[in-house]
Amino acid sequence: MKFKNLGKTLRFGIGPRGREREKAAKRKLRDAKFRDDGIWSHEGDIVQRRYASYEAYVEHQASKLEGIRSRLNDTIDEDYQDFLRRFRDCTVLNEAANVLCLGARLGTEVRALHALGIFSVGIDLNPGTDNRHVLPGDFHAVAFPDRSVQAIYTNALDHVFTIEQFMAEVRRLLVPGGHFVVDMVDGYAEGFTPGDFEATAWRDKGVLMDRIASCGGLTRLEVRDLGTLRMEHWMQAVFQSPAD
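What counts, and at which threshold
- Residues numbered from 1 in each chain as written.
- Predicted model: local features only at pLDDT ≥ 70, side-chain atom pairs only at ≥ 80, totals over all residues.
- Heavy atoms only, no water.
- Core = buried A, V, L, I, M, F, W, Y, C linked by side-chain atoms within 4.5 Å.
- Buried < 20%, exposed > 50% of the residue type's maximum accessible area, 1.4 Å probe, protein only.
- Helix = DSSP H or I, 4+ residues; strand = E, 2+ residues; numbered from the N terminus.
- Pairing = 2+ DSSP bridges.
- Salt bridge = Lys/Arg side-chain N within 4 Å of Asp/Glu carboxyl O.
- 1 Å grid on protein atoms, 1.4 Å probe; cavity = no way out; pocket = protein on both sides within 12 Å on 5 of 7 lines; lining within 4 Å.
- Points joined across faces, edges and corners; volume = space filled by probe spheres on them.
- Nonpolar A, V, L, I, M, F, W, Y, C, P; charged D, E, K, R; others polar.
- Axes fitted to C-alpha atoms, helices over the stretch in contact; angles between N-to-C directions.
- Contact = heavy atoms within 4.5 Å.
- Expected span 1.5 Å × (residues − 1).
- Bend = angle between axes of the 7 residues up to and from the residue.
- Parallel < 35°, antiparallel > 145°, perpendicular 65-115°, else oblique.
- Left-handed = near helix turned anticlockwise from the far one by under 90°.
- Polar contact = N/O pair within 3.5 Å; in protein donor to acceptor, adjacent residues only side chain to side chain.

(A) Layout of the nonpolar core. Formed by 38 residues in total, the largest nonpolar core has its most connected members in Leu100, Leu102, Ile152, Leu157, Phe166, Phe180 and Ile212. Elements with a contribution of two residues or more to this core: strand 3 (99–102), strand 4 (120–124), strand 6 (149–154), helix 7 (163–173), strand 7 (174–185), helix 8 (205–216), strand 9 (219–229) and strand 10 (232–240).

Right under this line is the structure:
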């Protein structure tokens, strides 16, 4: 680790300027990968990472936790407080009898919902071991009955195989009149560049919200600005399924 840090210091320098040079180099590499047609299929306003098969997608996404676990642990307290802030002002989550969190990783959002007195459980391909808040599972094929969930929350739409497949499952799970709450980052035309594990990217948030509504047969109720967390800008959109 010391040699790795020494290499970074020699390459980028020390202090704030060195950190900015390192960030710029990482952004340049991300941009180059995102423009690579061998990695991404750039067709339409919502683009997909190229996978040889659905099984390859599942394996790739499930492998992410081990690479980011240390960072998640380092930021878990900050993330928890941010989820509390996001959820306190979301009326439909506070009024729901149950909330399903899709792509919940370590379950920090589930813990935040519990702290607000809301029954919740998470689903993730790889929630790690001894995770009391998140069940292992594929959010494209959840092992819950039709029309069994009052509200669904996710901030992981950039990790879905396709929006269409994911939203079909959301629609299946929601009770009539149920709510889908999604926190989303900016699109690639708004300044966000996908990294090594994003599987789906959108031109802008408007394109994504239109696709969510059309694929899920949902009505968009409200949108609010969540501000910036660790350099990423977030918005929250609330959708409702048909009454019947």
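Once you've had a look at it, read on.
(B) Up close: the sheet that holds strand 2 (residues 46–49). Taken together, three strands build an open sheet; the order of strands is 1-2-8 and the sheet is antiparallel. Where the open sheet ends on each side, the last strands, each with one partner, are strand 1 (40–41) and strand 8 (200–202). For strand 2 and strand 8, the ladder comprises three bridges, and the chain directions are antiparallel. Among the inter-strand pairings, Ile46 is bridged to a residue of strand 8, identified as Trp202.

(C) A look at the pattern of salt bridges. Scanning the entire structure with this criterion turns up 12 salt bridges. Arg203 is the partner of Asp45 in a salt bridge, and the nearest nitrogen-oxygen pair spans 3.4 Å. You can see Asp45 sitting in the loop between strand 1 and strand 2 and its partner Arg203 sitting in the loop between strand 8 and helix 8, a full 158 residues away along the chain. Residue Asp45 is classed as partly exposed on the basis of its relative accessible area, which comes to 32%. Looking at Arg203, the relative accessible area reads 33%, which means it is partly exposed. The closest approach of N and O atoms between Arg85 and Asp82, which form a salt bridge, is 2.7 Å. Residue Arg85 and its partner Asp82 are located together in helix 4 (residues 64–88), separated by three residues, close to a single helical turn. For Arg85, a relative accessible area of 37% gives the class partly exposed. According to the relative accessible area criterion, Asp82 is buried, its value standing at 11%. Residues joined in a network through salt bridges with shared partners are Asp82, Arg85, Arg86 and Asp183.

(D) Just empty space enclosed by the protein, in detail. Considering all chains together, one arrives at one cavity of 30 Å³ or more under this definition. For the largest cavity, the full set of lining residues is Asp158, Val185, Asp186, Phe192, Pro194, Glu198, Thr200, Ala201 and Trp202. In terms of residues, the lining of the largest cavity owes the most to one element, strand 8, which gives three residues. Within the lining of the largest cavity, the residues separate by chemical class into five nonpolar, one polar and three charged.

(E) Expanded view of the sheet that holds strand 7. Pairing within the open sheet is mixed, and its seven strands lie in the order 5-4-3-6-7-10-9. Bordering the open sheet on either side are strand 5 (134–136) and strand 9, each of which pairs with just one other strand. For this sheet the average axis-to-axis angle between neighbouring strands, irrespective of direction, equals 20°. Relative to strand 5, strand 4 runs parallel, the two being bridged by three bridges.

(F) Molecular detail of the environment of Val207. If you trace the backbone, Val207 turns up in helix 8. Here Val207 falls in the buried class, since its relative accessible area comes to 12%. The spatial distance from the C-alpha of Val207 to the C-alpha of His133 is 32 Å, given a sequence separation of 74 residues. Not counting chain neighbours up to four residues away, the residues in contact with Val207 comprise Asp45 and Ile46.

(G) Just helix 4, in detail. Here helix 4 spans only 29 Å end to end across 25 residues, well under the 36 Å set by a 1.5 Å rise per residue. Along helix 4, the largest kink reaches about 60° and is centred on Ile76.

(H) Seen up close, the packing of helix 7 against helix 8. The geometry of helix 7 relative to helix 8 is characterised by a closest axis approach of 8 Å and an angle of 55° between their N-to-C directions. In terms of their interaxial angle, helix 7 and helix 8 are classed as oblique. Considering how the two elements wind past one another, helix 7 and helix 8 form a crossing that is right-handed. Every residue of helix 8 that contacts helix 7 at Ile163, Glu164, Met167 and Arg171 is listed here: Leu208, Arg211, Ile212, Cys215 and Gly216. Class assignment for the residues of the contact of helix 7 with helix 8 results in five nonpolar, one polar and three charged.

(I) Expanded view of the side chain of Asp183. Following the sequence through the fold, Asp183 ends up in strand 7. For Asp183, a relative accessible area of 2% translates into the label buried. Looking at Asp183, its side chain comes within polar contact range of the side chain of Tyr153, at 2.7 Å. Looking at Asp183, its side chain comes within polar contact range of the side chain of Gln236, at 2.9 Å. With sequence-adjacent residues up to four places away left out, Asp183 is seen in contact with Arg86, Tyr153, Thr154, Asn155, Leu226, Trp234, Met235 and Gln236.

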